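Residue-level structural notes
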Amino acid sequence: MKKAYVITILDNERSVQVAERCIKSGKKHGLEIEKWKATTPKDNPLKIMKEYGINPQAFDEVYSRTENCMAAFLSHYSLWKHSLDNKMEVIIFEHDAVVVDTIPDIRGYQGCITFGKPSYGKYNTPRLLGVQELQHKKYFGGAHSYQVSWKAARVLVNKAKTEAAPTDVYLHLDKFRFLQEYYPWPVEARDSFSTIQVERGCLAKHKYNKETYDII
């Protein structure tokens, strides 16, 4: 069994709008996507982390607002737990993801594979087509579109107790050798605002323009 979800801040109009765009783009390419309630600072992410035994130390950094970054991680974490608890594969989208091509039905991958074109910083373009070890960076260049098996989700959940970090950096080859990517990338991040980063953290985003990009 496999289901696809887009993380959505349900009480944020802009998040809902772009999540609906993500759902529409998925439907255009034959994929049904459901909204998944995002964890937000209102939910007290530090308390949630303590309840799960997750070390929050790595979220105190200069590129993001600490509570927002923790909440974003917990949004992904909740979907890993959903995958594990229900013994099913999930495809996880962030709200600003747009499906631009058919996402293939991949069998026999190692457990966690990204479909997303990197959304910030420098990156390598894979030389091969199809499924391969993570090539564009050693970590996910934006965790805006990836598939995880329930067995890999179990590893992600367990390691979070000691090594949790901002989601894209957490999904790093040095931590998880099973990370892969599919190329050509069938998903892109089309972001015009951030609910996580401060301006310093937005500067490397490919879509960032100080005049038109909002930090909300």
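Our subject is the structure that appears above.
Since we're looking at a predicted model, the values are computed, not measured.

**Some words on the overall build of the protein chain**
Summing up its helical and strand segments, the protein chain has six helices and 11 strands in all. Taking 17 Å as the expected radius of gyration for a compact globule of 216 residues, we find that the protein chain reaches 16 Å, a close match to that expectation. Projected onto its principal axes, the C-alpha positions of the protein chain cover 40 × 40 × 30 Å. The burial tally for the protein chain puts 54% of its 216 residues in the buried class. Looking at the protein chain alone, contacts between residues at least 24 apart form 74% of all its contacts between residues at least 6 apart. About 10,600 Å² of surface is accessible on the protein chain, with carbon and sulfur atoms providing 48% of the total. With 32 positive and 26 negative side-chain charges, the protein chain shows a separation of 3 Å between the mean positions of the two kinds.

**What about the side chain of N12?**
Residue placement: N12 occurs in the loop between β1 (2-8) and α1 (13-28). A distance of 3.0 Å separates a polar side-chain atom of N12 from the backbone nitrogen of R14. In this structure, N12 is in contact with T195 and I216, ignoring residues within four places of it in sequence.

**Some points on the sheet that holds strand β2 (residues 33-37)**
In space, the seven strands of this open sheet follow the order β2-β1-β3-β7-β5-β8-β6, with mixed pairing throughout. Edge positions in the sheet fall to β2 and β6 (130-133), since each of these pairs with one other strand and no more. Going from strand to strand, the sheet's axes swing by 30 degrees on average, the running direction of each strand aside. Across three bridges, strand β5 (residues 112-114) lies against strand β7 (residues 145-148) in antiparallel orientation. Residue pairing in the sheet places C112 in a bridge with V148 of β7.

**What to know about the environment of I23**
By the secondary structure assignment, I23 is in helix α1. Each C-alpha atom, one on I23 and one on V98, is 8.3 Å from the other, the two residues being 75 residues apart in sequence. With sequence-adjacent residues up to four places away left out, I23 is seen in contact with V6, I33 and K35.

**Considerations on unusual backbone geometry**
With the exception of glycine, the majority of residues adopt a negative phi angle, and the majority of peptide bonds are in the trans configuration. A cis geometry characterises the amide bond from Y183 onward to P184, with omega recorded as 10 degrees. Relative to the helices and strands, P184 resides in the loop between β8 (179-183) and β9 (187-189).

**Side note on the packing of helix α3 (residues 66-86) against helix α4 (residues 150-163)**
Running from amino to carboxyl end, α3 crosses α4 at an angle of 135 degrees, the nearest separation of the two axes being 8 Å. Taken together, the axes of α3 and α4 lie oblique to each other. Classified by chirality, the crossing of α4 by α3 is left-handed. For the pair formed by α3 and α4, the contact residues are F73, Y77, W80, K81, S83 and L84 on the first element and W150, A153, R154, L156, V157 and A160 on the second. Looking at the contact of α3 with α4 residue by residue, the class counts come to nine nonpolar, one polar and two charged.

Parameters and conventions
Residues numbered from 1 in each chain as written. Predicted model: local features only at pLDDT ≥ 70, side-chain atom pairs only at ≥ 80, totals over all residues. Heavy atoms only, no water. Helix = DSSP H or I, 4+ residues; strand = E, 2+ residues; numbered from the N terminus. Rg over C-alpha atoms; globule rule 2.2 N^0.38 Å. Buried < 20%, exposed > 50% of the residue type's maximum accessible area, 1.4 Å probe, protein only. Contact = heavy atoms within 4.5 Å. Areas by Shrake-Rupley, 256 points an atom, 1.4 Å probe, with all protein chains shown as cover. Lys, Arg positive; Asp, Glu negative; His and termini not counted. Charge placed at Lys NZ, Arg CZ, Asp CG, Glu CD. Polar contact = N/O pair within 3.5 Å; in protein donor to acceptor, adjacent residues only side chain to side chain. Pairing = 2+ DSSP bridges. Axes fitted to C-alpha atoms, helices over the stretch in contact; angles between N-to-C directions. Parallel < 35°, antiparallel > 145°, perpendicular 65-115°, else oblique. Left-handed = near helix turned anticlockwise from the far one by under 90°. Nonpolar A, V, L, I, M, F, W, Y, C, P; charged D, E, K, R; others polar.

Function cannot be read off these values alone, since they describe shape.
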